[in-house]
Amino acid sequence: MMLFSQARGLPVLTLTDAEEIGVLQSLTVDAPSGVVTHVRVRGRHSRKESVLAWGALHAIGPDAVLVRSAAAPSGVPPHHELPGLRILAETGDELGTVQDVVFEPETGRIEAVRTAHGDLPADRLLGLGDYALVVRALVVRAG
């Protein structure tokens, strides 16, 4: 498992010649499916940002991200920065803010969203927008 905060800032290198194309800036998530779909890379010597599809990655490790191809994908989805975003239950209840995200670096599957109140499992994610991450309300059954 890896945290978004651990991945941010890692050098992004091409697999074929180990050329550094930049540093990992952020990860784009599709909340309903609970997976990372794209990575955003900031150029090392410029502020230009490029977007790579998750499928273009070969591996994410503790020291670097290796990519098979630095070609930009077609149809890039909107990006919403998860850390710092409010969390709302589908009922409208505020559940705090996203502190970090736990993901599986081999598959891009989200495991949990870290909050000050504990981890929210990825199966509760419903939607993501500019305003908030929306999650399935926790149902408490009377005994």
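Residues numbered from 1 in each chain as written. Predicted model: local features only at pLDDT ≥ 70, side-chain atom pairs only at ≥ 80, totals over all residues. Heavy atoms only, no water.

On to the pattern of salt bridges, then. Following the criterion strictly, the structure yields five salt bridges and no others. R86 is the salt-bridge partner of E94, the closest N and O atoms lying 2.4 Å from each other. Among the salt bridges present, the one from R109 reaches E111, with a minimum N-O distance of 2.5 Å. The class of R109 is partly exposed, set by a relative accessible area of 45%. Looking at E111, the relative accessible area reads 23%, which means it is partly exposed. (Salt bridge = Lys/Arg side-chain N within 4 Å of Asp/Glu carboxyl O. Buried < 20%, exposed > 50% of the residue type's maximum accessible area, 1.4 Å probe, protein only.)

Attention shifts here to the sheet that holds strand β8 (residues 86-89). Ordered by their spatial adjacency, four strands build an open sheet running β9-β8-β14-β13, and the pairing between neighbours is mixed. Only two strands of the sheet have a single neighbouring strand rather than two, namely β9 (94-97) and β13 (125-128). Along the sheet, successive strands turn relative to each other by an average axial angle of 25°, direction set aside. Two elements, β8 and β9, share two bridges in a ladder whose sense is antiparallel. (Pairing = 2+ DSSP bridges. Helix = DSSP H or I, 4+ residues; strand = E, 2+ residues; numbered from the N terminus. Axes fitted to C-alpha atoms, helices over the stretch in contact; angles between N-to-C directions.)

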